[in-house]
Amino acid sequence: MSNFIVRKAAVLGAGVMGAQIAAHLANAEVPVVLFDLPAKEGDANGIVRKAIDALRKLEPSPLATKDRVAYIDAANYAQHLDRLRGCDLIIEAIAEKTEWKDDLYRKIAPFVSPDAIIASNTSGLSINRLAEALPEALRPRFCGIHFFNPPRYMHLVELIATRNTEPALLDDLESWLVSRLGKGIVRALDTPNFVANRVGVFSMLAVMHHTERLGLGFDVVDALTGPIIGRPKSATYRTADVVGLDTLAHVVKTMQDTLAGDPWHRHYGVPGWLAALIAKGALGQKTRGGIFRKDGRTIRVLDLALQDYRDSAGEIDPAVLAILKNRNPAEKFAQLRASEHPQAQFLWAIFRDIFHYTAFHLAEIASNARDLDFAMRWGFGWAQGPFETWQAAGWPVIAEAVRADVEAGRAMSDAPLPAWVFGRVAAEGVHTAQGSYSASRDAFEPRSALPVYQRQIFPERVLGEKAVAGATVWENEGVRLWTLPQIDAEIAIVSVKSRNHTLGREVIVGMQEAVARAEAGFKGLVLWHEAPFAFGANLKEVAEAIAVGDFELLEQYVAEFQNTSMALKYASVPVIAAVQGMALGGGCEFLMHAAKRVIALESYIGLVEAGVGLIPAGGGCKEFAVRAAQLAAKTAGNDPFEFIQPAFTTIAMATVSKSGAEARELGFAVDTDRIVFNANELLYVALREARGLAEAGYYPRLSPRGIKVAGRTGIANCELMLANMKEGGMISAHDYAVARAAATALCGGDVETGSLVDEQWLLTVERKLFVDLLKNPKTQQRIRHMLETGKPLRN
């Protein structure tokens, strides 16, 4: 890989996007100078400081941890342009006005280092045109770098070259964005709105066109265009409200102004009703009303026939829903085409028009079909890109159906399908094992050969691509133990197989066997599978045992869970937990007992047992007690309660980290654990961590003896906090009981303050408390409610 590195960055423009891009750079340990215009009054950096303050309040947070904001420095164009000289990467993110960008580029040019990269975050203006405002010497180091909102969470970044951009610069920048910022890169061509916005906005316009044509309600259309067809929950019209109706109209206007020769040009305009909303200032979520609005707890939707808002109650017709639930894509599309129901006609029409549009424009907007499909998956949250959907439904059949509708005048454009579409019939589509079809080159293009992608053992795949299988060593119903001989045959991998990776009996037994086999025949063990890491214990198994009153069986189950945690901790080979997504309850306890953790940035980790009226009993309370004693021993007072108190609050409140980095602050991980920004690199990094520990002569530490606990005084201190919360109506009597049990487990049980115990004592205390809570009817109510509704019950 290249040695390219960004030591310091600048972001020009402290608006919504600019400030959040700065935040994500700070997340990645890159200090940032955030620029904007000088304030007219007071502090000259007032505009930027206000933007930085706003980052602290946004949800979901753009900051991985609260302290990241300290690495964003405020600056303004009038006083601080010389601070650009020390920046390796300069990202412009001001308003989408070419003349404003031209003026800014001319202003900054004298202060830019010859080795710096300058990039525009424009969402659709011509990158070649913008480059003209820069001196010729800087143009080879200029490109487009289009983040999607919100930048921390959206995977897609479109990278756009000018005719003068150095190819090596693009390769370096792509590699850095992929690994350091965790992004999925699409090399877009310099056409209006690039790839994702071009296709995504057309898709929204097609939905609006057919909504009006068929007289459907906006709420009905959102029911049809959400998760049921593999699109986000916000569907179409709620997405428009979230984006901002004025912002959507601006993007559409760009297409209208720059794509005069496009066969779909007559559709590049917002409907009259949408223009009327904008004129009234009803811009969507940011003005608390647009297509939808919230009145108290009631969601209301604009009804064009009524010319007013009504309660939102959009439902899919049962016959259409039955079609959509058909898991055979070919049959599903045939049934949609054959149905006379307006909802089915609507769905076929929007799919047909997006197939037609992307096929016609592929050569001019994207390098290949894979890039276009990934752009829609990563930038708009589609489960499948349009070409994947088409191919899954049967390429030749859909191609003929689209051609027939175009020739019959039923499509939004009469432009014929390009000839290459019918040339792909033999290959049954555009995605093959050899690569994805490039219409501009009339060839199948393999994936990028950049070395950074070798770190992705299991990259995201498009339809038709095969995954690496690995070699199975052993498996049961709960787990699979396997290796990747082509990467490291001496490091074993154990993966949980259950739904949502819940930790039932088969998983517990299987995990113990996997550890034993790793100790006998391998140099390390990695616990890895795709997200979620684990949703905790199998509550269904627990509820079934409660129903028959078999609490002895439940205590045995908890004891086996604890034995598994201890097996992970004291294995003779290093055990690495590779964590991504949710890691809750028992899943959190497993990772806490590993020799080391490699954690994806977007990991949400917590001991959430309080939500079902329980406490952590797989060793979670024990681990916090052990760590508190070890930390206290390094202080003058040697008082473990100082370190128990934050753990108690975390467990009692069922706090879940908002990032992998925050998991370290909460004590679920330690400072030496790796945070990986690209989850696709997680297994690669974990395997190397295991190899490194093994090569360094890893051996487990001895189980600590003489663990000093907070005892009765610690429990009493926790109860003081709980009493105040109960009196204030913040917690119920059962919340109090559950939290007191957690305090007792964390403080080592009902013993003298300062007593010395061992790990087994702590495990026994938490196990007994856990089983006692299982016998409590209110805890049983919480468990049943969680199983029935998926939501916690406060009783």
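Residues numbered from 1 in each chain as written. Predicted model: local features only at pLDDT ≥ 70, side-chain atom pairs only at ≥ 80, totals over all residues. Heavy atoms only, no water.

Engineer: Help me understand the overall build of the chain in this model?
Structural biologist: Looking only at helices and strands, the chain features 30 helices and 23 strands. Here the C-alpha atoms of the chain give a radius of gyration of 29 Å, agreeing with the 28 Å that 2.2 N^0.38 yields for 795 residues. Each of the three principal axes of the chain carries a C-alpha extent, and together these read 80 × 65 × 60 Å. Across the chain, contacts joining residues at least 24 apart in sequence account for 70% of those joining residues at least 6 apart. A total accessible area of about 33000 Å² is found for the chain, and carbon and sulfur atoms account for 52% of it. Positive and negative charge centroids in the chain, built from 85 and 90 side chains respectively, lie 2 Å apart. (Helix = DSSP H or I, 4+ residues; strand = E, 2+ residues; numbered from the N terminus. Rg over C-alpha atoms; globule rule 2.2 N^0.38 Å. Contact = heavy atoms within 4.5 Å. Areas by Shrake-Rupley, 256 points an atom, 1.4 Å probe, with all protein chains shown as cover. Lys, Arg positive; Asp, Glu negative; His and termini not counted. Charge placed at Lys NZ, Arg CZ, Asp CG, Glu CD.)

Engineer: Got a minute to help me understand the pairing of strand β5 (residues 117–120) in this structure?
Structural biologist: Each regular strand displays side chains that alternate between the two surfaces of the sheet. Of the two faces of β5, both are covered, the one formed by Ile117 and Ala119 as well as the one formed by Ile118 and Ser120. Across four bridges, the pairing between strand β4 (residues 89–92) and β5 is parallel. Bridge pairing in β5 places leucine 89 opposite isoleucine 117. Handedness of the crossover joining β4 and β5 through helix α3 (residues 98–108): right-handed. (Buried < 20%, exposed > 50% of the residue type's maximum accessible area, 1.4 Å probe, protein only. Pairing = 2+ DSSP bridges. Right-handed = clockwise from strand over helix to strand, strands pointing away.)

Engineer: Please clarify how the packing of helix α19 (residues 505–521) against helix α21 (residues 551–569) should be interpreted in this entry.
Structural biologist: Helix packing for two helices is described by the angle between their axes and how far apart those axes are. Where α19 contacts α21, the two axes come as close as 9 Å, and the packing angle between them is 30°. The orientation of α19 relative to α21 falls into the category roughly parallel. Crossing of α19 against α21: the hand is left-handed. For the pair formed by α19 and α21, the contact residues are Arg505, Ile508, Met511, Gln512 and Val515 on the first element and Tyr557, Glu560, Phe561, Asn563, Thr564, Ala567 and Leu568 on the second. Its residues assigned to classes, the contact of α19 with α21 shows seven nonpolar, three polar and two charged. (Axes fitted to C-alpha atoms, helices over the stretch in contact; angles between N-to-C directions. Parallel < 35°, antiparallel > 145°, perpendicular 65-115°, else oblique. Left-handed = near helix turned anticlockwise from the far one by under 90°. Nonpolar A, V, L, I, M, F, W, Y, C, P; charged D, E, K, R; others polar.)

Engineer: Looking at this structure, I do not really get the nonpolar core. What am I missing?
Structural biologist: Within soluble globular proteins, side chains that are nonpolar tend to cluster in buried spots. Grouped together as the largest cluster of nonpolar side chains are 129 residues, with contacts concentrated most on Leu25 and Leu177. The greatest single-element share of this core, amounting to eight residues, is contributed by helix α28 (residues 733–746). Beyond its immediate chain neighbours, meaning those up to four positions away, leucine 25 contacts Ala9, Val11, Val30, Val32, Ile91, Trp176 and Leu181. Met204, Leu216, Leu274 and Ala366 belong to the second-largest nonpolar core, a separate cluster that totals 115 residues. (Core = buried A, V, L, I, M, F, W, Y, C linked by side-chain atoms within 4.5 Å.)

Engineer: Can you walk me through helix α9 (residues 245–258) in this structure?
Structural biologist: One full turn of an α-helix is made of 3.6 residues, so residues set three or four places apart face in the same direction. Its 14 residues place the ends of α9 20 Å apart at the C-alpha level, agreeing with the 20 Å of an ideal helix rising 1.5 Å per residue. Elements that come into contact with the buried residues of α9 comprise α6 (196–214), α8 (237–243), α10 (272–279) and α13 (342–365). (Expected span 1.5 Å × (residues − 1).)

Engineer: Would you explain the packing of aromatic side chains in this entry?
Structural biologist: What the rule picks out here adds up to 28 aromatic pairs. A ring pair is formed by tryptophan 264 and tyrosine 357, whose centres lie 5.0 Å apart and whose planes are at 75°; its orientation type is edge-to-face. Taken together, the positions of tryptophan 264 in the loop between α9 and α10 and tyrosine 357 in helix α13 put the pair 93 residues apart, joining distant regions of the chain. Just as tryptophan 264 is buried, tyrosine 357 falls in that class too. (Phe/Tyr/Trp six-rings, centres within 6.5 Å; stacked < 30°, edge-to-face > 60°.)

Engineer: Just to check I follow, could you spell out the pattern of salt bridges for this structure?
Structural biologist: Where charged atoms of side chains with opposite charge meet at close range, the side chains can pair. For the structure shown, the criterion picks out 55 salt bridges. A salt bridge links glutamate 388 to arginine 377; the shortest N-O distance between them is 2.9 Å. Placement of glutamate 388 in helix α15 (residues 386–392) and of arginine 377 in helix α14 (residues 369–380) is noted, with a sequence separation of 11 residues between them. Among the residues examined, glutamate 388 registers a relative accessible area of 3% and is labelled buried. The partner of arginine 455 in a salt bridge is glutamate 681, with the nearest N and O atoms 3.2 Å apart. A residue pair is termed long-range when its members are at least 10 positions apart, and arginine 455 in the loop between β14 (443–445) and β15 (471–475) and glutamate 681 in the loop between β21 (674–676) and α26 (682–695) qualify at 226 residues. For the pair formed by arginine 455 and glutamate 681, the shared burial category is buried. (Salt bridge = Lys/Arg side-chain N within 4 Å of Asp/Glu carboxyl O.)

Engineer: How do you make sense of the sheet that holds strand β9 (residues 292–295) when you look at a structure like this?
Structural biologist: Neighbouring strands of a sheet are bound in pairs by backbone hydrogen bonds; such pairs are parallel or else antiparallel. In space, the three strands of this open sheet follow the order β9-β10-β11, with antiparallel pairing throughout. Each edge of the open sheet is held by one strand with a lone partner, namely β9 and β11 (308–311). Put simply, the sheet's adjacent strands are angled 40° from each other on average, direction ignored. Pairing between β9 and strand β10 (residues 298–303): four bridges, direction antiparallel. Paired with phenylalanine 292 across the bridge in β10 is valine 301.

Engineer: Teacher, can you tell me more about the sheet that holds strand β3 (residues 72–76) here?
Structural biologist: With mixed pairing, the eight strands of this open sheet are ordered in space as β3-β2-β1-β4-β5-β6-β7-β8. Every other strand in the sheet has two partners, leaving β3 and β8 (184–188) as the edge strands with one partner each. Here the strands of the sheet are splayed against their neighbours by 25° on average, with no regard to which way each runs. The sheet contact formed by β5 and strand β6 (residues 142–147) spans three bridges and is parallel. Bridged to isoleucine 118 within β6 is phenylalanine 142.

Read these as geometric descriptors, not functional statements.
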